[in-house]
Amino acid sequence: MTDLPIPAYSGPDRVLSGVQPSGALHLGNYLGALKKFVDLQNRMECLFCVVDLHAITAWQAPDQLATQTREIAAAYLAAGVDPRKAVIFPQSAVAAHAELAWIFQCVARIGWLDRMTQFKEKSGKHKEGASVGLYTYPVLQAADILVYKATHVPVGEDQKQHLELTRDIAQKFNHDFDAPGYFPLPEPLIEGPGARVMSLRDGRVKMSKSDPSDQSRINLTDDADTIAAKIRKARTDPAPLPESVEGLKDRPEADNLVGLYSALSGRTEADVLKEYGGQGFGQSFKPALADLLIETLSPMAAEMAKYAADPAEIDRVLAAGAEKACTLAEPVIAETKRLVGFWSDKA
Ligand code: AMP
Ligand code: TRP
């Protein structure tokens, strides 16, 4: 018997990504995710969800969750995502995500989930006290992506392992249910200097919502003075900026700040160092970096404040997006259930 090649997925390109409504967004979320969303919406069909089902894997106050969901949607719009081009919706409004997640929980193996480093980080020493949802979190993420047969997923580097799991689940489903090429094996879109933004206090840990120190991150809603002060105080080593990119090696704080400058200005790191190499950080590099940040973030913060004052506008966008997303997910969940062999009166 000859080994015939397995037919590859041949459907259209489609982008899906999501952000959790679990706290204020920061510069890492902008450069790792939102900025890429804006670039992609002109090139491919895009769906961007606010992943409220993921958010409740850790406790969220019920009287704040809907507001937090609107805030993430407002951040999408303020960053430049256009609801006429991209579908913006709350995950919990499309039941097919949770439905497909259950099927995928029966496809994924415990051994696969046991390897997920984000679960280990988030559950820490109190694994027994973590929710079961936190453990199966990456399976729901696979369902978010595959319920639209999305082919491309823009995310920060911390999500790489979850995307590998998504591909494993897609492949095993296609194999187990004898449906070659049914689910695509989605590509993560991670590359670029903003894929891993580090803490301003410690260049070896990533910038994160959960860091207890607000000085460690630039929030998208920080005002100009706060941004300037945080950059002025950002940790650096005592040496001047290096003259070349190789000189950033083993200097995590310098590497992070130069990477930020590059991501925000669109210039290469080599070009940035040509201008600032040899100088102390405080001389003109840090003030220029603060200016770049303020230029990028201040208009976004103003837009977000405008939407916060008019939640009805956000609700219209989310409702229209949810309707569109349901329409797109419906045939996929129906066909998937048929492949699994569930009863249906339409068979
Ligand atoms: P989350 O807020 O955890 O839902 O993350 C939303 C998006 O932001 C995901 O695509 C993350 O990979 C991305 N992200 C979060 N933190 C960072 C960071 N420090 N650097 C780059 N991307 C990040
Ligand atoms: N796990 C992602 C994060 O914490 C959020 C997320 C949920 C996501 N579902 C997704 C990202 C689907 C991309 C695609 O950052």
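The rules we used
Here the residue numbers are simple positions, counted from 1 along each chain's written sequence. Naming scheme: in the order in which they are written, chains are lettered from A and ligands are numbered from 1. Residue-level local features of this predicted model are given only where pLDDT is at least 70; pairs of side-chain atoms are given and counted only at 80 or more, and the full residue set underlies all totals for whole chains, interfaces and linings. For side-chain calculations, the full set of non-hydrogen atoms in the structure is used, while hydrogens and water are omitted. Segment limits for the domains were obtained from an automatic or database-derived domain assignment. The term buried area denotes the loss of accessible surface (1.4 Å probe radius) that occurs when two parts are joined, taken as the sum for both partners. What counts as a salt bridge is simple: a side-chain nitrogen of Lys or Arg found within 4 Å of a carboxyl oxygen of Asp or Glu. Working definition: helices are DSSP H or I runs of at least four residues, strands are E runs of at least two. Numbering for both runs from the N terminus. Given the number of residues in a helix, its expected span is that number minus one, multiplied by 1.5 Å. We call a residue buried when its accessible area falls under 20% of the maximum for its residue type, exposed when it is over 50%, and partly exposed in between, using a 1.4 Å probe and counting protein chains only. Throughout, a contact is declared for two residues whenever any of their heavy atoms are within 4.5 Å. Any residue with at least one heavy atom within 4 Å of a molecule or strand is counted as near it. Pairing of N or O atoms within 3.5 Å defines a polar contact, subject to two protein rules: one partner must be a possible hydrogen donor and the other a possible acceptor, and residues neighboring in sequence count only if both atoms are side-chain atoms. Here the nonpolar group is Ala, Val, Leu, Ile, Met, Phe, Trp, Tyr, Cys and Pro; Asp, Glu, Lys and Arg are the charged ones; every other residue, Gly included, is treated as polar. Read the arc as the range of directions from the helix axis to the C-beta atoms. The definition used for a disulfide is geometric: two cysteine sulfur atoms within 2.5 Å. Only the six-membered ring of Trp is used, alongside the rings of Phe and Tyr, when aromatic pairs are assigned; centres must lie within 6.5 Å, and planes under 30 degrees apart are stacked while those over 60 apart are edge-to-face, with the rest tilted. Computed with a 1.4 Å probe, the accessible areas rest on the Shrake-Rupley method; for each residue, only the protein chains presented here act as cover.

What follows covers the domain arrangement of the protein. According to the domain assignment, the protein consists of domain 1 (14-195 + 310-340) and domain 2 (214-306). One C-alpha centre belongs to domain 1, the other to domain 2; they are set 30 Å apart. Here domain 1 and domain 2 share an interface that buries about 1200 Å² over both sides, 77% of which is from carbon and sulfur atoms. Broken down residue by residue, the surface that domain 1 buries against domain 2 is led by L27, A78 and P193, which jointly contribute 40%. Applying the counting rule to domain 1 against domain 2 returns zero salt bridges. Elements that contribute at least two residues to the side of domain 1 that touches domain 2 include exactly helix 1 (27-40) and helix 3 (62-79).

Another aspect to go through is helix 10 (residues 252-265). Along an α-helix, residues three or four positions apart point the same way, because every turn accommodates 3.6 residues. Relative to the 20 Å expected for 14 residues at 1.5 Å per residue, helix 10 spans 20 Å between its end C-alpha atoms, a close match to the ideal helical length. Buried residues dominate helix 10, accounting for eleven of its 14 residues. When we look at burial in helix 10, the residues that qualify are E253, A254, N256, L257, V258, G259, L260, Y261, S262, A263 and L264. Tucked into the core, helix 10 has its buried residues touching helix 1, helix 11 (269-276) and helix 12 (281-309).

To continue, consider the site of ligand 2. Near ligand 2, the surroundings consist of 13 residues, among which Q20, Y137, Q141, D144 and Q159 are the closest. Q141 has a polar side-chain atom sitting 2.9 Å from a nitrogen atom of ligand 2. Of all the secondary-structure elements, those providing two or more residues to the shell around ligand 2 are strand 1 (14-19) and helix 7 (132-146). Considering every element that reaches the shell around ligand 2, the biggest residue donor is helix 7, with four residues. A class-by-class count of the residues in the shell around ligand 2 yields six nonpolar, six polar and one charged.

To continue, consider helix 11. The set of residues buried in helix 11 consists of E269, V272, L273 and Y276. Buried residues of helix 11, seen end-on, are gathered within an arc of 95 degrees and therefore sit on one face of the element. Considering only its buried residues, helix 11 is in contact with helix 10 and helix 12.

This part takes up the state of the cysteines. Enumeration according to the criterion identifies zero disulfides in this entry. C49 carries a free sulfur, and the closest cysteine sulfur to it, the one in C326, is 12 Å from it. By relative accessible area, C49 is classed as buried at 0%.

Scanning the entire structure with this criterion turns up 15 aromatic pairs. With a centroid separation of 5.0 Å and 70 degrees between ring planes, the pair formed by F173 and F183 is classed as edge-to-face. Of the two residues, F173 sits in helix 8 (residues 160-176) while F183 sits in the loop between helix 8 and strand 5 (187-189), which places them ten residues apart along the sequence. Neither F173 nor F183 differs from the other in exposure class; each is buried.

Around ligand 1 there are 18 residues in total, and G156, D158, V197, M207 and K209 lie nearest to it. Within the contact set of ligand 1, an oxygen atom lies 3.0 Å away from a backbone nitrogen or oxygen of Q20. In this structure, G156 approaches ligand 1 through a main-chain N or O atom, which is 2.9 Å from an oxygen atom. With the chains in place, 91% of the 480 Å² that ligand 1 exposes on its own is no longer accessible. Counting residues per element, the shell around ligand 1 draws most heavily on helix 1, at four residues. Broken down by class, the residue content of the shell around ligand 1 amounts to six nonpolar, eight polar and four charged.

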